[in-house]
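Coordinates in review
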Amino acid sequence: MEEKLRETAKLVDTTLFRSYMLVQPSLAGSLFRIPNFCDPNVVNEKLLENNRLMDLVDFFHGKKLHRDALELLKKYGQANEPDEVAPTLHGPERTVGYLQALQPDMIDLILEFAEWPIKANPDLGMEIFLADTENAETLPRDKVVTFLEGIDVKLSVKYLEHIINELEDRTPDFHNRLVSAYIQELQNNKDR
């Protein structure tokens, strides 16, 4: 019975979506801001066909298809020039905002897609980890430090200073890593 009900809901919502796309495509976005049973394949095809990329990102987010949304954001965000279809997707801003909204249990996905915004705009990209939000403050800090060290030691220093000074983290390992980074930086400056 439950399976039949889900199939009916999928048919109704997908039909409603298709009718919106025929009559007035701008209405489709409102359907994605509420729980729905739309068929992801149909929605993906139609929204791409009609260049409704922001609606597609919203749809993916609502369906918890975060990887699909982040791949779309990365594709248009990293483009050399803004795409005339989706100029608001150009640059790292939308990706950073999306990553900030993800829950800490999605850390592996966050770290996978955080590298390009950090390299494109380090100050903005670091907001994924430094923002004054519950999500940023509850990310697994050891994973974040290790990730940032792999990109640039200065970024890991910035993060370590944040969690130690502002979030008052007393974990000895973080203090030791910060001291080691300071010593490494002093040695690098001495060698120049």
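What counts as what
Residues numbered from 1 in each chain as written. Predicted model: local features only at pLDDT ≥ 70, side-chain atom pairs only at ≥ 80, totals over all residues. Heavy atoms only, no water. Helix = DSSP H or I, 4+ residues; strand = E, 2+ residues; numbered from the N terminus. Rg over C-alpha atoms; globule rule 2.2 N^0.38 Å. Buried < 20%, exposed > 50% of the residue type's maximum accessible area, 1.4 Å probe, protein only. Contact = heavy atoms within 4.5 Å. Lys, Arg positive; Asp, Glu negative; His and termini not counted. Charge placed at Lys NZ, Arg CZ, Asp CG, Glu CD. Axes fitted to C-alpha atoms, helices over the stretch in contact; angles between N-to-C directions. Parallel < 35°, antiparallel > 145°, perpendicular 65-115°, else oblique. Nonpolar A, V, L, I, M, F, W, Y, C, P; charged D, E, K, R; others polar.

It is worth spelling out the overall build of the chain at this point. The helix and strand tally for the chain stands at 13 helices and 0 strands. Taking 2.2 N^0.38 as the reference for a compact globule, 192 residues should give roughly 16 Å; the C-alpha atoms of the chain span a radius of gyration of 21 Å, well beyond that estimate. Dimensions of the chain, computed from C-alpha atoms along their principal axes, come out at roughly 65 × 45 × 20 Å. For the chain, the residues scored as buried account for 39% of the 192 residues in total. Residue pairs at least 24 apart in sequence account for 55% of intrachain contacts in the chain once pairs closer than 6 positions are excluded. Charged side chains of the chain number 22 positive and 34 negative; the gap between the two group centres comes to 3 Å.

A few words now on the packing of helix α1 (residues 2–23) against helix α3 (residues 40–49). The N-to-C vectors of α1 and α3 enclose an angle of 10 degrees; their axes lie 10 Å apart at closest approach. Judged by the inter-axis angle, α1 sits roughly parallel to α3. Along the contact surface, α1 presents T14, F17, R18 and M21, while α3 presents V42, V43, K46 and L47. Classifying every residue of the contact of α1 with α3 by side-chain character gives 5 nonpolar, 1 polar and 2 charged.

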